[in-house]
Amino acid sequence: EVDRRRKPTTACEYRRLFRKHIIPALGSKSVSAVSGSDIRKLHRSLSETPYVANRVVARLATFFAYAISEGTIPSKENPTEGIEFYPEQGRERFLTKEEFGRLGTALVRAEQVGLPPAPAHRKKPKQRANQKHRPKNADVPRPANIFAIAAIRLLALTGCRENEILSLRWDAVDFERGHLRLADTKTGRSVRPLSRSAAVVLEGLPIVQGNPHVLPGLKPKSHLKEIKRTWYAVRYAAKLEGTRLHDLRHSFASVPAASGESLLVVRSLLGHKNVAT
């Protein structure tokens with residue numbers, strides 16, 4: 001049912017929560033035997049990670065609502081009712097003008113000469129017996145993948161979600177009207193404004209014949225799948241440790257919001273369905 005109604009990434013997250021937290025705690029019980037006290041006990045066991053604890057209960061609430069609608073549970077009582085969520089710390093991070101400058105400098109350096117990997121992502125030294133076979137230039141920085149660098153720039157300059165940029169196709173880019181026409185986003189079809197600075201990034205990218213994607217992957221006709229390693233190296237060089245890729249989206253939205261633009265404009269820029277979000 002989830003596969004038919006949710007995005008693949010959302011369905012994957014649902015499965016992860018079930019596999020890691022719900023099945024180990026409740027998997028031996030029949031659906032109708034699970035009580036509110038069972039779920040409260042599971043919720044309390046995850047109290048050190050409030051966000052995860054709350055998401056587990058939210059997924060169980062949906063699961064039992066579905067079970068009731070299917071007649072699996074004769075009672076109309078959802079065992080998750082009455083469970084109070086833990087307070088969650090906001091994770092918003094907004095880059096300052098000076099921080100954006102450091103980010104830009106790090107991206108140029110990564111593109112032209114390369115960056116060393118961030119400490120937490122450096123490979124552990126191999127056993128001494130194998131070290132003598134390791135090339136002397138193995139740790140020498142090399143210019144980064146131009147498409148990974150472009151992806152980070154586009155995230156900062158468009159406010160799009162990571163997957164929206166990684167899977168962007170050339171037929172969705174309208175240079176003449178200054179729009180990105182995204183056919184499949186978290187909220188369905190969406191049209192986003194394309195600034196001149198973002199257009200310059202796109203215009204500077206080579207087009208790979210036979211591949212419809214702006215940021216091609218290694219396999220034919222595929223798109224770039226992952227830019228985390230490049231991002232970790234760039235943010236470390238820019239002294240932005242702890243900053244997430246999604247924070248670029250928040251930072252993009254904070255500029256018009258702080259300058260007095262209406263929430264309707266911000267909603268349009270980010271592709272949200274409602275103003276409350």
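Preceding block: the structure.
Within each chain, residues carry numbers counting from 1 in the order of the written sequence. Where totals are concerned, whole chains, interfaces and linings use all residues; where local detail is concerned, this predicted model gives features only for residues with pLDDT of at least 70, and gives and counts side-chain atom pairs only at 80 or more. Just so you know, side-chain values use all the structure's heavy atoms and leave hydrogens and water out.

A. Main features of the overall build of the protein. Each helix and strand counted, the protein has twelve helices and three strands in total. Overall size of the protein, expressed as C-alpha extent along the three principal axes, is 65 × 60 × 40 Å. Expressed as a percentage of its 277 residues, the buried residues of the protein come to 37%. We call two residues in contact when some of their heavy atoms are within 4.5 Å. Of the contacts formed within the protein by residues at least 6 apart in sequence, a portion of 62% connects residues at least 24 apart. All accessible areas in this document rest on Shrake-Rupley with a 1.4 Å probe, and a residue is counted as covered only by the protein chains that are shown. For the protein, the accessible surface area stands at approximately 17500 Å², while carbon and sulfur atoms represent 54% of it. Between the mean site of the 49 positive side-chain charges and the mean site of the 26 negative ones, the protein shows a separation of 7 Å. The numbering of helices and of strands both runs from the N terminus, where a helix is a DSSP run of H or I of at least 4 residues and a strand a run of E of at least 2. Only protein chains enter the area calculation, which uses a 1.4 Å probe; residues under 20% of their type maximum are buried, those over 50% are exposed, and those in between are partly exposed. Positive charges are assigned to Lys and Arg, negative charges to Asp and Glu, while His and the chain termini are left out of the count. Charge positions come from single atoms, namely NZ of Lys, CZ of Arg, CG of Asp or CD of Glu.

B. Here's a closer look at helix α7 (residues 146-158). An ideal rise of 1.5 Å per residue puts 18 Å on 13 residues; α7 measures up with 18 Å between its terminal C-alpha atoms. In terms of burial, α7 is a largely internal element, ten of the 13 residues being buried. Of the residues that open α7, the one with a side-chain oxygen 2.7 Å from the backbone nitrogen of Phe147 is Asn145. At the C-terminal side of α7, Gly159 shows a positive phi close to 75 degrees. Expected helix span is given by 1.5 Å per residue-to-residue step, counting one fewer step than there are residues. For the purposes of these results, a polar contact is taken to be a pair of N or O atoms within 3.5 Å, where, inside protein, one atom must be able to donate a hydrogen and its partner to accept one; residues adjacent in sequence count only when each atom of the pair is a side-chain atom.

C. Spotlight on unusual backbone geometry. Even without glycine at this site, Lys221 takes up a positive phi of about 65 degrees. One non-glycine residue, Lys239, lies in the positive phi region at around 60 degrees. Mapping Lys239 onto the fold places it in the loop between α10 (228-237) and α11 (246-258). Its relative accessible area of 67% is what places Lys239 among the exposed residues.

D. Main features of the nonpolar core. In this text, buried Ala, Val, Leu, Ile, Met, Phe, Trp, Tyr and Cys residues form a nonpolar core when linked through side-chain atoms within 4.5 Å. Counting residues in each nonpolar core, the largest one holds 42 residues, and the members touching the most others are Leu202, Leu215, Ile227 and Leu248. Going through the elements one at a time, α5 (97-112), α7, α8 (162-166), β2 (179-185), α9 (196-203) and α10 are the ones with two or more residues in this core. Ranked by residue count, the leading element in this core is α7, at nine residues. In contact with Ile227, not counting residues within four places along its chain, are Ala148, Ala151, Ile152, Leu155, Glu162, Leu166 and Leu245.

E. Molecular detail of the pattern of salt bridges. Here a salt bridge means any side-chain nitrogen of Lys or Arg lying within 4 Å of a carboxyl oxygen belonging to Asp or Glu. According to the stated counting rule, one finds 18 salt bridges in the structure shown. For the salt bridge of Arg181 with Asp174, the shortest nitrogen-to-oxygen distance reads 3.8 Å. Exposure remark for Arg181: the relative accessible area of 39% places this residue in the partly exposed category. On the basis of relative accessible area, Asp174 is assigned to the buried category, the value being 13%.

F. Up close: helix α12 (residues 263-270). Here α12 has its buried residues at Val266, Leu269 and Leu270. Each buried residue of α12 lies within a common arc of 90 degrees when the element is viewed along its axis, so the set occupies one face. A positive backbone phi angle near 80 degrees is found at Gly271, which sits one or two residues after α12. Working definition: the arc comes from the directions between the helix axis and the C-beta atoms, pointing outward to the latter.

G. Here's a closer look at the packing of α5 against α10. Note on definitions: angles span 0 to 180 degrees between N-to-C directions of axes, and those axes are lines fitted to C-alpha atoms, for helices only across the stretch in contact. Running from N to C, α5 and α10 cross one another at 125 degrees; their axes reach a closest spacing of 8 Å. Classified by the interaxial angle, the pair formed by α5 and α10 is oblique. Where α5 crosses over α10, the two elements pack in a sense that is right-handed. Taken together, the residues of α10 that come into contact with α5 (itself represented by Leu103, Ala106, Leu107, Arg109 and Ala110) are Trp231, Val234 and Ala237. Residues were grouped as follows: Ala, Val, Leu, Ile, Met, Phe, Trp, Tyr, Cys and Pro as nonpolar; Asp, Glu, Lys and Arg as charged; and all remaining residues, including Gly, as polar. Of the residues assigned to the contact of α5 with α10, the class counts are seven nonpolar, no polar and one charged. Should an angle fall under 35 degrees it is called roughly parallel, over 145 degrees roughly antiparallel, and 65 to 115 degrees roughly perpendicular, with every other angle called oblique. Crossing handedness follows the turn of the near helix against the far one: under a right angle anticlockwise gives a left-handed crossing, and clockwise gives a right-handed one.

H. Looking closely at the sheet that holds strand β3 (residues 188-193). Whether two strands pair comes down to DSSP finding at least two bridges between them. Pairing in this open sheet of three strands is antiparallel, and the strands run β1-β2-β3 from one edge to the other. Each edge of the open sheet carries a strand with a single partner, namely β1 (173-174) and β3. The pairing of β2 with β3 spans five bridges and is classified as antiparallel. Bridge pairing in β3 links Leu180 to Arg192.

I. Quick look at the environment of Phe94. Here Phe94 is to be found in the loop between α4 (50-69) and α5. A C-alpha to C-alpha distance of 4.6 Å links Phe94 and Ser251, two positions 157 residues apart in sequence. Residue contacts for Phe94: discarding those within four places in its chain leaves Glu99, His250, Ser251 and Ser254.

J. Spotlight on the side chain of Arg59. Along the chain, the position of Arg59 falls in helix α4. Buried Arg59, no salt bridge; nearest opposite-charge side chain is Glu13, N-O distance 7.6 Å.

K. Molecular detail of a nonpolar patch on the surface. On the surface, Leu263, Leu264 and Val275 cluster together to form a nonpolar patch covering roughly 270 Å² of accessible area. By secondary structure assignment, the location of Leu263 is in helix α12. Residues form patches when they are more than 30% accessible in relative terms and have no salt bridge. Like charges link within 9 Å. Nonpolar side chains (Val, Leu, Ile, Met, Phe, Trp, Tyr) link within 5 Å.

Any link to function would need more than the numbers given here.
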